Amino acid sequence: MAFAIPPRSTPGVGGFARQGNSPLEAYWLENMRIDRDGTYRPRWGAKCLYTFGGTISNLSRIGGYNARLAVVAGGTLYDIHVETLSPTSLGTGWPTAAMASTIAVTASGTNVWIACKSPIGGSVGSLYKYDGTTLTAISSPGNGNYVGMHGYFAVKIYSGVGDNTALRWSDLGDVDTWPVTSAKQPIPEIGTVDAIVPFSLRESLLFGPGGVATMSGTSAAGMSFAPVINTPVATPMRHIAKCRDAVYFLAPGPSICRYRHPGVVERIEAPLERLLYNALGVSHLRAWYDPQKNYYVLWDSTSHVGYEFSIDLQRWVGAYTFATTGVDCVGFAEIDQGASTLDEDDMPWGKGFFAAGARLMQHDPSLYVDQASTSPGDEDSFVCAIETKPSTGIDSSIEKQCREVAIDGTGSWTVKLKTRSGPDAAWTTTTLGDISAPGKVFPSLANMPVYRECVIRCEAVSASGLRWRSVAIDEVPVGEPIS
């Protein structure tokens, strides 16, 4: 006699949780987005705009009201207009790892792009400015490996040093002038100064391996510094991201921390902490803010997956993978619609750009594929997958077999059963069959594994008509309760 069919499960409604404690949490949720009515659909596809000759390590806005991006690909710095898509090389020798850049202000009032020709947490390099026409070295502040802004002061950091070259700032609104007195040695409570993030007009956050401090002031001679939290910060600091009113960063453990004013730190890695161990060191983790979806994104280049935290829902909502196997995504840059006419007729709601390998990409809600190049037809569907929370059924002491699985939704789905004999035992995956949803699959009990705990995985390739709502499993006992 079979167990009573349990209620339909809607994993993912409560978020994406590798160590979930609710049936509403998905054990795995890949490339799917949920609507308000509880229906899942594939994420937006990605349109390839241009392919560079090397892997893109950084992209950012160039100063001014225009549709141009600064892109570092294969160690070369480019200026590319997202409409004409004809990049201009600005020189080689730029880092192939993550680097910091920012928009600063010159004495004439124009905006310029500035960056140190060095990777975050790596060897130091000269500070450069780019006004949209000419790339020029700025010699007066000395070398560094991180740049940022504090109000209208440009700030250069030389991480790992113990004297007053660690932190220097420019004159107010003048990136070309750096007084020798506008300098600060490391703050003892946080160790060295490794990164800076503007938090408000009067306050910025300074990150060191020993914690976080604030930099406050509105005049070159009136800066003050104070430690605010002693939570250790993981290095190299390529993982710090300002997301609206909070700053996200990694701490040893590994853990993911969120800083809110005034000095409140929350840990949000649960329930994904075990996934973070997949990364082979902090240098394999990058983070950024996606303003189109209002997500904090943490990308693991070891597993080639990005974990997405919804700031609106205040929970992890899924994992992002690119269609081409082994490709890593980097960063996000948004260009105002009025700065360019690109796609203004068929995609008028924002212009978000990111990198995927050597490709400059744009999210496109009309696509259900990721384009591998600009050539027509060179595109791939991506994996869409939803897994239920691990379940022991009605009685964990009874061995069971799966008799049927039902999916509510539309499109073609492959149903897989992941089974194990107990907590932390190795999972075994069995393909039960394909379903044209809504529908059921009836596996042969003669070929079914015996288990005490199972996960149902619903997997599909991205398509326009693909939708998913819920899943139900019917099981039969194959043994007696353990006395």
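That block above? That's the structure.
Thresholds applied
- Each chain has its residues counted from 1, following the order in which its sequence is written.
- A pLDDT threshold of at least 70 governs which residues receive local features in this predicted model, and a stricter bar of 80 or more applies before side-chain atom pairs are shown or counted, although totals over entire chains, interfaces and linings include all residues.
- By convention in this description, side-chain values take in all heavy atoms of the structure and omit both hydrogens and water.
- DSSP calls a pair of strands paired once it identifies at least 2 bridges connecting them.
- Helix numbering and strand numbering both begin at the N terminus, where a helix is a DSSP run of H or I of at least 4 residues and a strand a DSSP run of E of at least 2.
- Each axis is a line fitted through C-alpha atoms, and for a helix only the stretch in contact is used; angles between axes span 0 to 180 degrees, taken between their N-to-C directions.
- Three labels apply to residues, based on accessible area from a 1.4 Å probe with only protein chains included: buried if under 20% of the type maximum, exposed if over 50%, partly exposed otherwise in between.
- Residues enter a patch when their relative accessible area is above 30% and they make no salt bridge; the linking distance is 9 Å between like charges and 5 Å between nonpolar side chains (Val, Leu, Ile, Met, Phe, Trp, Tyr).
- Computed with the Shrake-Rupley method and a 1.4 Å probe, the accessible areas treat only the protein chains shown as cover for residues.
- Only one rule defines a salt bridge in this text: a Lys or Arg side-chain nitrogen within 4 Å of an Asp or Glu carboxyl oxygen.

Chemist: Please clarify how the sheet that holds strand E24 (residues 264–267) should be interpreted in this entry.
Modeler: Across a sheet, strands are paired by hydrogen bonds formed along the backbone, either parallel or antiparallel in direction. One open sheet holds the four strands; their spatial order is E21-E22-E23-E24, and the pairing between them is antiparallel. Two strands lie at the open edges of the sheet, namely strand E21 (241–243) and E24, each paired on one side alone. Strand-to-strand twist in this sheet, taken as the mean axis angle between neighbours without regard to direction, amounts to 30 degrees.

Chemist: Any chance you could explain the sheet that holds strand E20 (residues 224–229) here in plain terms?
Modeler: Within the open sheet, the four strands sit side by side as E17-E18-E19-E20. Their pairing is antiparallel. Every interior strand has two partners, whereas the edge strands, strand E17 (195–198) and E20, have only one. Each strand axis lies, on average, 30 degrees off the axis of its neighbour in the sheet, ignoring direction. When E17 meets strand E18 (residues 203–208), the two strands line up antiparallel, connected through four bridges.

Chemist: I tried to follow unusual backbone geometry on my own but got confused; where do I start?
Modeler: Excluding glycine, residues mostly carry a negative phi; peptide bonds, for their part, are mostly trans. The omega torsion across Ala270 and Pro271 is 5 degrees, close enough to zero to call that bond cis. Following the sequence through the fold, Pro271 ends up in the loop between E24 and helix H1 (273–276). Pro438 follows Ala437 through a cis peptide bond whose omega is 0 degrees. Within the element layout of this structure, Pro438 appears in strand E36 (residues 428–441). Positive phi is not limited to glycine here, since Arg244 has a value of about 55 degrees. Judged by relative accessible area, Arg244 falls into the exposed class, the value being 52%. With a phi angle near 70 degrees, Asp424 is a residue other than glycine that sits in the positive phi range. Using a relative accessible area of 63% as the deciding quantity, one classes Asp424 as exposed.

Chemist: When you look at a nonpolar patch on the surface in this model, what are you seeing that I'm missing?
Modeler: Together, Val13, Leu24 and Ile34 make up an exposed nonpolar region whose accessible area comes to about 200 Å². Position of Val13 relative to the elements: it lies in the segment before strand E1 (28–30). On the accessibility criterion, Val13 (32% relative accessible area) is partly exposed.

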